[in-house]
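Residue strings, one per chain:
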Amino acid sequence: MRPIRPGDRGPAVAEIRTVLTGLELLPTGRGGEEFDAETERAVRAFQQSRGLSVDGRVGAETWRALDAARWRFGARSLYHAVPEPLIGEDVRSLQERLLEMGYDVGRADAIYGIRTSRAVAQFQREMGLKPDGTCGPHTVNALRRLGRKVVGGRPQWLREADAIRQAGPTLVGRTVVIDPGHGGTDPGVVVPDGPLRWTEADLVHDLASRLEGRLAAAGVRVQLTRGPSPRTCLPDADRAQLANSLGADVFISLHTDGHANPAADGVATYHYGTDNGVTSATGERLAGLVQREIVARTGLRDCRTHAKAWDLLRLTRMPAVRVEVGYLTSPADRGRLVDPRFRDRLVEAIVAAVQRMYYPIERDVPTGSIDVSELRAVVAAGTVVD
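Residues numbered from 1 in each chain as written. Predicted model: local features only at pLDDT ≥ 70, side-chain atom pairs only at ≥ 80, totals over all residues. Heavy atoms only, no water.

- Looking up the chain in an unreviewed UniProt entry gives the name N-acetylmuramoyl-L-alanine amidase, with the organism given as Micromonospora terminaliae.

Dropping the structure here:
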């Protein structure tokens with residue numbers, strides 16, 4: 001869909017204003033069909049609270065989030081529907097509540113899937129309710145009466161950390177999906193530079209190809225979400241679904257950033273997280289490792305890590321990060337990014353971060369200390385060793 005933006009008018013704008021009013025982001029009694037400055041401020045506030053990109057426009061992702069936000073927990077019965085699952089803010093609230101109590105729903109993705117249904121049924125059995133996996137009034141009341149069941153650490157962190165620990169430290173046999181952002185009809189950030197024209201889509205695909213080669217040399221199975229010149233740009237939800245279908249262990253999305261101010265520069269890394277503290281624990285750890293390794297090995301400005309609820313991070317079932325490896329609109333960053341040797345240093349940083357994620361925390365190594373060239377899988381007598 002074409003983003004709905006300031007200055008637009010019509011029924012779609014009226015619908016957006018109605019939802020924002022229900023969320024108390026717009027004052028009541030001010031209907032209308034104009035996307036005015038007040039509406040833009042409310043949209044920005046909504047995007048900020050939901051971990052979305054804050055641009056004041058209503059694109060496909062913000063529209064889906066607004067549509068989901070209509071539902072408050074307890075306003076309807078929730079159940080596992082096939083093939084179109086129930087989606088809404090009430091589902092996310094339920095998932096976050098179950099996670100706080102120690103039940104395994106996976107990621108709080110606002111989708112009432114089979115994993116959420118099973119967690120509800122487990123809760124119902126323990127409460128003496130009918131274990132049908134449907135969250136109706138009795139289940140809602142039981143959830144509201146109870147406090148946390150798990151103490152001493154975030155339940156999801158404990159569960160994910162244990163899974164990483166049991167997987168062992170080697171990279172051999174892992175599956176990593178690398179996502180070069182944009183592509184096809186969407187070139188991403190485009191910057192003319194004299195007779196040249198640099199595009200985000202081309203640069204990150206080259207970076208992804210280099211990363212693919214380095215990871216493959218370490219014994220990793222690697223899949224890219226697109227080739228160098230796809231006809232269309234794959235939606236983020238489809239990229240996440242591809243990673244899920246491959247049973248990937250890690251998902252890495254590569255982008256460059258852009259800004260009207262050419263002084264904006266630096267690297268930032270994003271992981272899944274919501275405004276109330278629910279996060280992908282392993283994704284958060286991987287984001288921190290990627291960010292620190294890149295800053296240490298390249299000297300790019302540290303723009304830190306951030307929690308976001310973008311589809312790309314919310315819908316993936318494995319540790320997932322999105323890395324903005326510099327500002328293509330910054331002359332300083334661009335001068336580095338167009339240098340193949342610099343892109344090799346970026347690749348080394350990301351590979352080192354992935355390796356460190358699989359090290360037990362007590363055996364972690366200092367940032368910048370891993371020699372990536374030594375991470376190679378050797379085939380000998382039919383056996384793969386690291």
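Now that the structure is up, let's keep going.
1. A look at the overall build of the chain
Thinking step 1. The helix and strand tally for the chain stands at 13 helices and 10 strands.
Thinking step 2. Relative to the globule expectation of 21 Å for 386 residues, the C-alpha radius of gyration of the chain, 22 Å, shows essentially globular dimensions.
Thinking step 3. By its C-alpha atoms, the chain is 60 × 55 × 35 Å across when sized along the principal axes.
Thinking step 4. A burial count over the chain gives 48% of its 386 residues as buried.
Thinking step 5. Put simply, the chain shows about 17,900 Å² of open surface, and 51% of that area lies on carbon and sulfur atoms.
Thinking step 6. Distance between charge centres in the chain, computed from 52 positive and 49 negative side chains, equals 3 Å. (Helix = DSSP H or I, 4+ residues; strand = E, 2+ residues; numbered from the N terminus. Rg over C-alpha atoms; globule rule 2.2 N^0.38 Å. Buried < 20%, exposed > 50% of the residue type's maximum accessible area, 1.4 Å probe, protein only. Areas by Shrake-Rupley, 256 points an atom, 1.4 Å probe, with all protein chains shown as cover. Lys, Arg positive; Asp, Glu negative; His and termini not counted. Charge placed at Lys NZ, Arg CZ, Asp CG, Glu CD.)

2. Observations regarding the sheet that holds strand β4 (residues 221-224)
Thinking step 1. The strand order across the open sheet formed by six strands is β4-β1-β5-β8-β6-β7, and the pairing between neighbours is mixed. Only two strands of the sheet have a single partner each, and these edge strands are β4 and β7 (302-308). Strand after strand, the sheet turns through a mean of 20 degrees between neighbouring axes, direction not considered.
Thinking step 2. In this structure, strand β1 (residues 175-180) lies alongside β4, joined through four bridges in parallel fashion. Its bridge partner lying in β4, Val176 is registered against Val222.
Thinking step 3. Against the sheet, helix α9 (residues 236-245) makes contact with β1, β4 and β5 (250-257), and its axis sits at roughly 165 degrees relative to β1, the strand it touches most.
Thinking step 4. Against the sheet, helix α13 (residues 340-358) contacts β5 and β8 (320-327), and its axis sits at roughly 150 degrees relative to β5. (Pairing = 2+ DSSP bridges. Axes fitted to C-alpha atoms, helices over the stretch in contact; angles between N-to-C directions. Contact = heavy atoms within 4.5 Å.)

3. Focus on the pairing of β5
Thinking step 1. Across the eight residues of β5, seven count as buried, placing the element largely inside the fold.
Thinking step 2. Both β1 and β5 contribute to a ladder of five bridges, which runs parallel. Considered in β5, the bridge of Ile178 is made with Ile252.
Thinking step 3. As paired strands, β5 and β8 are joined by six bridges and run parallel to one another. When the bridges of β8 are listed, Ser253 appears paired with Arg322.

4. Describing the environment of Gly288
Thinking step 1. Position of Gly288 relative to the elements: it lies in helix α10 (residues 281-298).
Thinking step 2. For Gly288, a relative accessible area of 11% translates into the label buried.
Thinking step 3. C-alpha of Gly288 to C-alpha of Leu129: the two residues are 159 residues apart in sequence and 42 Å apart in space.

5. With respect to helix α4 (residues 89-100)
Thinking step 1. The first and last C-alpha atoms of α4 sit 16 Å apart over 12 residues, in line with the 16 Å expected at 1.5 Å per residue.
Thinking step 2. Counting buried positions over the 12 residues of α4 gives 10, a clear majority of the element.
Thinking step 3. Following α4 by one or two positions, Gly102 adopts a phi angle in the positive range, close to 100 degrees. (Expected span 1.5 Å × (residues − 1).)

6. Let's talk about the pattern of salt bridges
Thinking step 1. Enumeration over the complete set of coordinates arrives at 28 salt bridges.
Thinking step 2. A salt bridge links Asp55 to Arg57; the nearest nitrogen and oxygen atoms lie 3.9 Å apart.
Thinking step 3. Looking at Asp55, the relative accessible area reads 31%, which means it is partly exposed.
Thinking step 4. Exposure remark for Arg57: the relative accessible area of 33% places this residue in the partly exposed category.
Thinking step 5. Residues Arg343 and Asp206 are paired through a salt bridge, measuring 2.6 Å at the closest nitrogen-oxygen approach. Placement of Arg343 in helix α13 and of Asp206 in helix α8 (residues 200-217) is noted, with a sequence separation of 137 residues between them.
Thinking step 6. Residues joined by salt bridges that share partners form a network here, namely Arg50, Glu89, Arg92 and Glu96. (Salt bridge = Lys/Arg side-chain N within 4 Å of Asp/Glu carboxyl O.)

7. Remarks on the nonpolar core
Thinking step 1. Residues Ile178, Ile252, Leu254, Ile294 and Val323 are the most contacted members of the largest nonpolar core, which totals 46 residues.
Thinking step 2. Looking at this core, the element that brings in the most residues is α13, giving 11 residues.
Thinking step 3. Excluding anything up to four places from it in sequence, Ile252 contacts Val176, Val177, Ile178, Asp179, Val321, Val323, Ile350 and Val354. (Core = buried A, V, L, I, M, F, W, Y, C linked by side-chain atoms within 4.5 Å.)

8. Some points on the environment of Pro235
Thinking step 1. Mapping Pro235 onto the fold places it in the loop between β4 and α9.
Thinking step 2. Sequence separation between Pro235 and Leu20 is 215 residues, and the spatial gap between their C-alpha atoms is 26 Å.

9. A short note on unusual backbone geometry
Thinking step 1. Cis geometry is adopted by the peptide bond preceding Pro83, which originates at Val82 and carries an omega value of 5 degrees.
Thinking step 2. Among the secondary structure elements, Pro83 is positioned in the loop between α3 (60-68) and α4.
Thinking step 3. With a phi angle near 70 degrees, Ala110 is a residue other than glycine that sits in the positive phi range.
Thinking step 4. Position of Ala110 among the secondary structure elements: in the loop between α4 and α5 (114-126).

10. What to know about the environment of Thr269
Thinking step 1. Take Thr269: it is sitting in strand β6 (residues 267-272).
Thinking step 2. On the accessibility criterion, Thr269 (0% relative accessible area) is buried.
Thinking step 3. Separated by 35 residues in the primary sequence, Thr269 and Arg304 have C-alpha atoms spaced 6.7 Å apart.
Thinking step 4. Here Gln291 takes part through its side chain, which lies 2.7 Å from a polar atom of the side chain of Thr269. (Polar contact = N/O pair within 3.5 Å; in protein donor to acceptor, adjacent residues only side chain to side chain.)

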